[in-house]
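# Structure at a glance
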Amino acid sequence: MPNERTRQWASTMGGHELDEVVLAHRESTARLAPAHPHHREMREHQERQFLAEGSTLATGAGKRERPEEPDPYRTCFEKDRDRIVHSTAFRRLAGKTQVVVYPKDHQRTRLTHALEVAQVATSVARAVGANVTLAEAIALGHDCGHGPGGHASETAFDPYLPSGYDHGPWGADIALRPLNLCEETLDGIRNHSWSRPAPQTVEGEIVSWADRIAYCAHDLEDALHAGIVTVEQIPPSVTSIAGSTRSQQLHTYITAMIDTITTHQVIGMDQLTAQGLRELRAFNYDQIYTRDEAVAQSDAVVVILRALVDYLIDNPAQVPGAHKDPPSFLAAIETPVWRAIEYVSGMTDRFAFEQAETLLGYDLTRIPAGIGRGA
């Protein structure tokens with residue numbers, strides 16, 4: 001039998017009638033008097049009026065691979081942002097590694113990382129008059145090409161693809177391609193890494209910086225909470241410029257970007273603050289990303305993922321959606337290889353390790369701590 005709380009919740013099924021409308025709350029006093037709906041064209045006009053010169057303007061349905069009709073209320077980049085948030089690739093980021101494989105409750109995942117990148121990117125974009133919505137869409141989607149186990153998955157998949165596996169292009173051109181996103185959104189996702197060509201928009205450039213700012217600060221915070229490093233170990237070259245906490249560091253780096261863009265009209269950071277960020281990243285690299293335990297985890301992930309790919313290449317019927325063929329620009333890849341990589345790259349950490357146990361007989365209690373049941 002339903003309890004009282006359940007019955008109370010069920011009683012709200014129809015809302016509350018007021019004249020010719022239905023309200024959520026019987027005692028609601030909220031009122032709004034718009035002269036007319038804020039249609040897409042109005043907001044596009046406002047962008048042309050108020051965004052800074054050089055920002056990316058939304059226009060109609062946007063430049064998409066498959067033409068669409070414009071939305072009456074949302075700009076093209078607002079539609080992109082919404083599509084990414086509702087996509088399977090984005091939801092799966094909740095189960096994918098940021099730094100610690102198979103994370104516990106309070107450590108970052110790729111999903112929380114994407115949200116934090118979006119916070120940094122929109123803070124900068126809003127302050128300098130760039131297109132906030134485009135920056136947010138790129139930031140939310142920028143890591144949708146990551147496989148299980150973080151960057152270890154790129155190492156795992158590299159040998160199977162002629163040009164290697166890069167999570168940026170994979171996210172834009174494979175994981176998110178079915179969403180028919182705008183050219184500018186996909187470009188920012190494809191090229192957010194500093195090792196890639198420069199994005200074609202200022203918003204893409206802002207996300208490139210936001211990604212580095214966010215992960216440098218929050219990866220350190222996670223490592224401090226996990227006892228991997230201590231505050232005393234953080235170099236003075238970092239703390240003297242940006243402090244020792246995530247909050248202090250984000251404030252410093254975001255402010256430096258805003259000041260630099262305003263003063264120099266380029267997307268960057270002054271040399272002193274950039275040097276502090278560089279020192280923080282180098283510290284994280286030495287003390288967090290390449291410590292012995294992290295390397296052991298990464299090596300184990302590579303072995304497991306390659307074994308899964310090899311198994312699925314030999315057993316293609318076990319790949320869901322086995323009818324799919326690779327896109328034309330990947331036609332040189334053998335179809336069973338493509339299907340296996342697409343499937344495994346979309347797995348969460350947990351599902352990949354469970355599949356390794358189920359399909360390959362891996363004993364997850366014998367692999368490095370932090371992975372599967374070894375956590």
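Summary of the structure given here. (Residues numbered from 1 in each chain as written. Predicted model: local features only at pLDDT ≥ 70, side-chain atom pairs only at ≥ 80, totals over all residues. Heavy atoms only, no water.)

### Observations concerning the overall build of the protein
Keep this limit in mind: The helix and strand labels rest on DSSP assignments: H or I over at least four residues marks a helix, E over at least two residues marks a strand, and numbering proceeds from the N terminus. Atoms counted for the radius of gyration: C-alpha only. Globule rule: 2.2 Å times residue count to the power 0.38. In this scheme, a residue with accessible area under 20% of its type's maximum is buried, one over 50% is exposed, and one in between is partly exposed, where area comes from a 1.4 Å probe on protein chains only.
Broken down by element type, the protein carries 16 helices and 2 strands. Its C-alpha atoms give the protein a radius of gyration of 23 Å, within 12% of the compact-globule value 21 Å for 375 residues. C-alpha extents for the protein along the principal axes are approximately 65 × 60 × 55 Å. Out of the 375 residues belonging to the protein, those deemed buried represent 46%.

### A look at the side chain of Thr260
Quick note on the threshold: We define a polar contact as two N or O atoms separated by no more than 3.5 Å, with the added condition that, inside protein, one atom must be a possible hydrogen donor and the other a possible acceptor, whereas residues neighbouring each other in sequence contribute only through side-chain atom pairs.
Mapping Thr260 onto the fold places it in helix α12 (residues 246–264). Of the polar contacts made by the side chain of Thr260, one reaches the backbone oxygen of Ala256; its length is 2.8 Å.

### Here's the deal with the nonpolar core
Heads up, the condition is: The set of buried Ala, Val, Leu, Ile, Met, Phe, Trp, Tyr and Cys residues whose side-chain atoms join them within 4.5 Å is what this entry labels a nonpolar core. It only takes one pair of heavy atoms within 4.5 Å for two residues to be counted as in contact.
Residues Phe90, Ile213 and Met269 are the most contacted members of the largest nonpolar core, which totals 57 residues. If you tally residues by element for this core, the top one is helix α10 (residues 202–225), at 11 residues. For Ile213, the residues in contact, after removing those within four places along its chain, are Val120, Leu250, Tyr253, Met257, Met269 and Leu277.

### Some remarks on unusual backbone geometry
Excluding glycine, most residues fall at negative phi; most peptide bonds, likewise, are trans. In this structure, Asp19 takes a positive phi of about 55° despite not being glycine. Structurally, Asp19 is set in the loop between β1 (16–18) and β2 (21–23). A residue is classified by how much of its surface remains accessible, and Asp19, at 75% relative accessible area, is exposed.

### What to know about the packing of aromatic side chains
Selection criterion: In this scheme Phe, Tyr and Trp rings, the latter by its six-membered ring, pair at centre separations within 6.5 Å, and the angle between planes marks the pair as stacked below 30 degrees, edge-to-face above 60, and tilted otherwise. Here, over-ring charges are defined by two tests on the NZ atom of lysine or the CZ atom of arginine: distance to the ring centre within 6 Å, and angle to the ring normal within 35 degrees.
Under the definition given, this model contains 4 aromatic pairs. A ring pair is formed by Tyr165 and Trp170, whose centres lie 4.8 Å apart and whose planes are at 35°; its orientation type is tilted. According to the relative accessible area criterion, Tyr165 is buried, its value standing at 4%. The exposure class assigned to Trp170 is buried, which follows from its relative accessible area of 9%. The interplanar angle of 45° and the centroid separation of 6.0 Å between the aromatic rings of Trp170 and Trp338 together place this pair among those described as tilted. With Trp170 in helix α8 (residues 167–175) and Trp338 in helix α15 (residues 335–345), this residue pair connects regions lying 168 residues apart in the sequence. Members of the aromatic cluster, joined through ring pairs, are Phe157, Tyr165, Trp170 and Trp338. Lying across the ring of Trp194, Arg212 places its NZ or CZ 3.6 Å from the centre.

### Quick notes on α8
α8 sits mainly inside the fold: 8 of its 9 residues count as buried. Here α8 has its buried residues at His167, Gly168, Pro169, Trp170, Gly171, Ala172, Asp173 and Ile174. Next to the buried residues of α8 lie α7 (152–157), α9 (183–190) and α15. Near the N-terminus of α8, the side chain that reaches the backbone nitrogen of Gly168, with its oxygen 3.0 Å away, is that of Asp166.

### Concerning the pattern of salt bridges
Going by this rule: Between Lys or Arg on one side and Asp or Glu on the other, a salt bridge is scored when a side-chain nitrogen of the former is within 4 Å of a carboxyl oxygen of the latter.
All chains considered together, the criterion is met by 22 salt bridges. With a closest N to O distance of 2.5 Å, Glu78 and Arg43 form a salt bridge. Of this pair, Glu78 sits in helix α3 (residues 76–85) while Arg43 sits in helix α2 (residues 40–50), and the two are 35 residues apart along the sequence. Overall, Glu78 belongs to the buried group, its relative accessible area being 19%. Among the ionic pairs, Glu221 bridges to Arg108, the shortest N-O distance being 2.8 Å. Of this pair, Glu221 sits in helix α10 while Arg108 is found in the loop between α4 (88–91) and α5 (110–128), placing the two residues 113 residues apart along the sequence. Taken as a pair, Glu221 and Arg108 share a single burial class, namely buried. Among the ionic contacts, a cluster of salt bridges with common partners joins Arg64, Glu68, Lys79, Asp80 and Arg83.

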